[in-house]
Amino acid sequence: MGHIIAISVGGAVGALGRFGISRCCARWLGGSFAFGTLVANILGCFLLGFLFSLRSFDSSRWSDLTHSSMTIVFLGALTTFSAFGLETTRHFQAEQLGLG
């Protein structure tokens with residue numbers, strides 16, 4: 001049951017993080033380009049590298065469940081490739097080839 005709760009919480013926090021980043025970027029930078037997706041993916045890649053480097057230095061710091069929840073679930077929800085694909089497709093459909 002602990003795994004299910006960890007996965008649920010990690011996924012929810014990651015998804016809400018992506019939503020918040022997208023909303024903030026749209027408000028501050030405009031909605032003509034998918035800045036939110038770009039920022040979320042860059043942040044997620046940085047965090048993933050950071051978490052893996054911490055894990056390699058001190059593997060006793062986190063359990064396998066905690067590490068998997070952070071890397072696979074939270075960052076997976078934060079940096080979804082499907083959002084990138086959808087936004088790219090929408091640009092092509094709107095004939096915005098440069099943005100796509």
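1. Structural notes on helix α3 (residues 64-78)
Then step 1. If you check α3, its first and last C-alpha atoms are 20 Å apart, about what 15 residues at 1.5 Å a residue would give, namely 21 Å.
Then step 2. The largest bend in α3 is about 30 degrees, located at Met-70.
Then step 3. Listing the buried residues of α3 in full gives His-67, Ser-69, Thr-71, Val-73, Phe-74, Leu-75, Ala-77 and Leu-78.

2. Here we look at unusual backbone geometry
Then step 1. The phi dihedral of Glu-95 is positive, around 60 degrees, even though this residue is not glycine.
Then step 2. Relative to the helices and strands, Glu-95 is located in the segment after α4 (81-93).

3. Some thoughts on helix α1 (residues 2-29)
Two residues of an α-helix separated by three or four positions point the same way, owing to the 3.6 residues in each turn.
Then step 1. Taking 1.5 Å as the rise per residue, α1 with 28 residues should run 40 Å; its terminal C-alpha atoms sit 40 Å apart, in good agreement.
Then step 2. With its phi angle positive at about 90 degrees, Gly-30 sits one or two positions after the end of α1.

4. Brief notes about the environment of Gly-49
Then step 1. With respect to the helices and strands, the residue Gly-49 is situated in helix α2 (residues 35-57).
Then step 2. Separated by 22 residues in the primary sequence, Gly-49 and Thr-71 have C-alpha atoms spaced 9.5 Å apart.

Quick notes on the rules
- Every chain's residues receive numbers from 1 upward, in the order its sequence appears when written.
- Local features in a predicted model are, by the rule used here, given only for residues with pLDDT of at least 70; side-chain atom pairs are given and counted only at 80 or more, and totals for whole chains, interfaces and linings are based on all residues.
- By convention in this description, side-chain values take in all heavy atoms of the structure and omit both hydrogens and water.
- Starting at the N terminus, helices and strands are each numbered in turn, a helix being any DSSP run of H or I of at least four residues and a strand any DSSP run of E of at least two.
- A helix's residues, less one, multiplied by 1.5 Å, set its expected span.
- Bending is quantified residue by residue as the angle between axes fitted to the seven-residue window ending at that residue and the seven-residue window starting at it.
- Only protein chains enter the calculation, and the probe is 1.4 Å; a residue is then buried if its accessible area is under 20% of its type maximum, exposed if over 50%, and partly exposed in between.

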